[in-house]
Amino acid sequence: MASSLSDNDSTTVELPMTKVLIPGSFDPLHLGHIDVVDQAVELFGDVVIGVLVNFEKPSGLFKPAERVQLARASLGDRRSVTVHAFGGLAVQAAAEVGADFIVKGLRTPNDFDIEQQMAHINHSVTAIRTVFLPCRSDLGFISSRFIREIAAHGEAIDHLVAAPVAAALADRFAGPSH
């Protein structure tokens, strides 16, 4: 799959596929993430989802290997998307997979403030550029933290996550202590 551009003479120029990395903890992956992945596929072609361990956050509900498995199950029909776990920095993961850009999804102005600072730091370290993609407005309220909390209290989250994630959350919170 290559992107194409048309000039004023109605000729089409095929552009090479661009590889991008979408890094995150994805604990769990939700529909806002999937929307950003779909946008990145449309714009760039080759998308690598990088499940990273964020040392600023607790260890998480799902282990990194589980997050990879859930992301693959949720994104399985997208041929130009791969999912891998990475330790270390997002810029290191981007270099490891040969990504041309890092893509970050935005939900709110607060996301932009945080991600812009990170983009500048990343560029200063490795010269990789970050592209921001806003998720659809009807998905902007979704966060993994809220999904975990809602699921832990037994409320429905099917409208916020893909079916494999909903099933995994139901299994995780089905134990006797919940």
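To start, this report covers the structure provided alongside it. All values derive from a computational prediction rather than experimental measurement. (Residues numbered from 1 in each chain as written. Predicted model: local features only at pLDDT ≥ 70, side-chain atom pairs only at ≥ 80, totals over all residues. Heavy atoms only, no water.)

## As for the pattern of salt bridges
Right, on to step 1. The final tally for this structure, using the stated rule, is seven salt bridges.
Right, on to step 2. Residues Arg172 and Glu66 are paired through a salt bridge, measuring 2.7 Å at the closest nitrogen-oxygen approach. Here Arg172, found in helix α6 (residues 163-172), pairs with Glu66, found in helix α2 (residues 64-75); they are 106 residues apart in sequence, far enough to count as distant.
Right, on to step 3. Take Arg172: its relative accessible area is 30%, and that puts it in the partly exposed class.
Right, on to step 4. Residue classification places Glu66 among the partly exposed positions, given a relative accessible area of 25%.
Right, on to step 5. The closest approach of N and O atoms between Arg78 and Asp77, which form a salt bridge, is 2.8 Å.
Right, on to step 6. Overlapping salt bridges bring together Asp38, Asp77 and Arg78 as one network. (Salt bridge = Lys/Arg side-chain N within 4 Å of Asp/Glu carboxyl O. Helix = DSSP H or I, 4+ residues; strand = E, 2+ residues; numbered from the N terminus. Buried < 20%, exposed > 50% of the residue type's maximum accessible area, 1.4 Å probe, protein only.)

## Overview of the nonpolar core
Right, on to step 1. Membership of the largest hydrophobic core comes to 36 residues, with the highest contact counts inside it found for Ile22 and Ile49.
Right, on to step 2. Looking at this core, the elements that each hand over two or more residues are β3 (18-24), α1 (31-44), β4 (45-52), α2, β5 (81-86), α5 (144-152) and α6.
Right, on to step 3. Here this core gets six residues from one element, more than from any other, and that element is α1.
Right, on to step 4. Once residues lying within four places of it in the same chain are set aside, the contact partners of Ile22 are Val36, Val37, Ala40, Val47, Val48, Ile49, Gly50 and Val103. (Core = buried A, V, L, I, M, F, W, Y, C linked by side-chain atoms within 4.5 Å. Contact = heavy atoms within 4.5 Å.)

## Examining the sheet that holds β4
Right, on to step 1. An order of β5-β4-β3-β6-β7 is seen for the five strands of this open sheet, with the pairing classed as parallel. Edge positions in the sheet fall to β5 and β7 (129-134), since each has one partner strand and no second. This sheet shows a mean twist of 30 degrees between the axes of neighbouring strands, independent of strand direction.
Right, on to step 2. In the sheet, strand β6 (residues 101-106) pairs with β7 via six bridges, with the strands oriented parallel. Of the residues in β7, the one forming a bridge with Ile102 is Thr130.
Right, on to step 3. In the packing of α1 onto the sheet, the strands contacted are β3, β4, β5, β6 and β7, and the crossing angle to β4 comes to about 145 degrees.
Right, on to step 4. Lying on the sheet, helix α4 (residues 109-126) is in contact with β6 and β7; it crosses β7 at an angle near 160 degrees. (Pairing = 2+ DSSP bridges. Axes fitted to C-alpha atoms, helices over the stretch in contact; angles between N-to-C directions.)

## Section: the packing of aromatic side chains
Right, on to step 1. In this structure the tally under the stated criterion is two aromatic pairs.
Right, on to step 2. For the ring pair Phe44 and Phe101, a centre distance of 5.9 Å and an interplane angle of 40 degrees mean the geometry is tilted. In this pair, Phe44 is assigned in helix α1 and Phe101 in strand β6, connecting sequence segments 57 residues apart.
Right, on to step 3. Accessibility expressed as a relative area gives 26% for Phe101, which makes it partly exposed.
Right, on to step 4. For the ring pair Phe112 and Phe132, a centre distance of 5.5 Å and an interplane angle of 70 degrees mean the geometry is edge-to-face. With a gap of 20 residues between them, Phe112 in helix α4 and Phe132 in strand β7 connect regions that are remote in the sequence.
Right, on to step 5. Residue Phe132 is classed as partly exposed on the basis of its relative accessible area, which comes to 24%. (Phe/Tyr/Trp six-rings, centres within 6.5 Å; stacked < 30°, edge-to-face > 60°.)

By themselves, these observations are geometric and do not establish any function.
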